[in-house]
Amino acid sequence: MKIVGIGGTLRDGSSTERLVAAVLDACASMGAQTQMFGGSALKALPHFNPESTERTTGERAMVDAVRDADAVVIGSPGYHGGVSGLVKNAIDLLEDLARDARPYFDGRPVGLVVSAAGWQATGVTLAALRGITHAMRGWPTPLGIAVNTVAQKPFAADGSLADPEIAAAVAMQARQIMQFAKGAA
């Protein structure tokens with residue numbers, strides 16, 4: 001079982017990146033092989049150009065990883081009520097999967113994670129990611145994770161998940177990803 005995570009911000013170790021990594025870690029504890037494309041990998045991606053077939057090493061690595069994945073986890077900060085440009089650019093690059101035998105996210109579960117400085121932005125951004133996942137033929141997990149980083153304190157000083165409700169949501173989403181991916185295989 002291979003699960004790929006995509007998400008983060010220009011700030012290494014952002015809440016979004018750490019939440020996606022937490023879902024991947026939970027999947028790994030259930031036997032999955034995981035690969036993360038966090039903020040540093042995403043900021044190295046050039047702007048997606050559908051007219052060009054030339055791809056950087058980083059672009060090819062991400063597309064190939066998703067191509068081979070049994071499931072995907074996507075995390076975005078909720079910037080002004082929407083998916084960040086950094087994450088959207090990475091998603092747009094997956095247009096390279098359009099002509100594959102299994103295009104886009106076809107038949108794969110996709111865990112969705114949003115962190116934002118307010119509840120409204122988390123909900124709207126999570127809904128946008130669900131719409132994108134459906135458009136790309138993926139199965140959003142029933143549980144999407146929305147974290148309000150102002151009202152909640154998700155992480156302890158050592159970087160571990162500190163909020164028991166968030167930790168429970170991470171564990172549940174990981175279980176759903178693993179169960180759905182096994183059922184699709």
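Conventions adopted
Residues numbered from 1 in each chain as written. Predicted model: local features only at pLDDT ≥ 70, side-chain atom pairs only at ≥ 80, totals over all residues. Heavy atoms only, no water. Helix = DSSP H or I, 4+ residues; strand = E, 2+ residues; numbered from the N terminus. Rg over C-alpha atoms; globule rule 2.2 N^0.38 Å. Buried < 20%, exposed > 50% of the residue type's maximum accessible area, 1.4 Å probe, protein only. Contact = heavy atoms within 4.5 Å. Areas by Shrake-Rupley, 256 points an atom, 1.4 Å probe, with all protein chains shown as cover. Phe/Tyr/Trp six-rings, centres within 6.5 Å; stacked < 30°, edge-to-face > 60°. Lys NZ or Arg CZ within 6 Å of the ring centre and 35° of its normal. Pairing = 2+ DSSP bridges. Arc of directions from axis to C-beta. Expected span 1.5 Å × (residues − 1).

A. Focus on the overall build of the protein. A count of helices and strands for the protein gives six helices and seven strands. Tracing the protein from N to C terminus, the helices and strands come up as β-α-β-α-α-β-β-α-β-α-β-β-α. What you see for the protein is a C-alpha radius of gyration of 15 Å, in line with the 16 Å of a compact globule of 185 residues. C-alpha atoms of the protein, sized along the principal axes, occupy 45 × 35 × 30 Å. Evaluated residue by residue, the protein yields a buried proportion of 50% over its 185 residues. Contacts spanning at least 24 positions in sequence make up 75% of the contacts within the protein whose residues lie at least 6 apart. Within the structure as shown, the protein displays about 8,300 Å² of accessible surface, and the carbon and sulfur contribution to it stands at 54%.

B. Inspection of the packing of aromatic side chains at higher detail. For the structure shown, the criterion picks out zero aromatic pairs. Against the face of phenylalanine 155 rests arginine 18, its NZ or CZ located 3.8 Å from the ring centre.

C. Geometry of the pairing of strand 5 (residues 109-116). With respect to burial, strand 5 is a largely interior element, eight of its eight residues being buried. Across six bridges, strand 3 (residues 71-79) lies against strand 5 in parallel orientation. Bridge pairing in strand 5 places glycine 75 opposite valine 113. Here two bridges tie strand 5 to strand 6 (residues 139-140), and the two strands are oriented parallel to one another. When the bridges of strand 6 are listed, proline 109 appears paired with tryptophan 139. Two elements, strand 5 and strand 7 (residues 145-148), share four bridges in a ladder whose sense is parallel. If you follow valine 113 over to strand 7, its bridge partner there is isoleucine 145.

D. Expanded view of helix 3 (residues 57-67). When helix 3 is considered as a whole, its buried residues turn out to be Glu59, Met62, Val63, Ala65 and Val66. Mapping the buried residues of helix 3 onto a view down its axis gives an arc of 160 degrees, with all of them on the same face. Next to the buried residues of helix 3 lie strand 1 (2-7), strand 2 (33-37), helix 2 (39-43), strand 3 and helix 4 (85-93).

E. How the structure looks around helix 5 (residues 119-135). Compared with an ideal rise of 1.5 Å per residue, which puts 17 residues at 24 Å, helix 5 spans 25 Å between its outermost C-alpha atoms and is within 8% of the ideal. Where helix 5 is concerned, the buried positions are Ala121, Thr122, Thr125, Leu126, Leu129, Ile132 and Thr133. Down the axis of helix 5, the smallest arc covering the buried residues is 125 degrees, so these residues share one side. Those residues of helix 5 that are exposed and angled more than 90 degrees off the buried face are Gln120, His134 and Ala135. Lining the buried residues of helix 5 we find strand 3, strand 4 (82-83), helix 4, strand 5, strand 6 and strand 7. Looking at the residues trailing helix 5, positive phi occurs at arginine 137, about 65 degrees.

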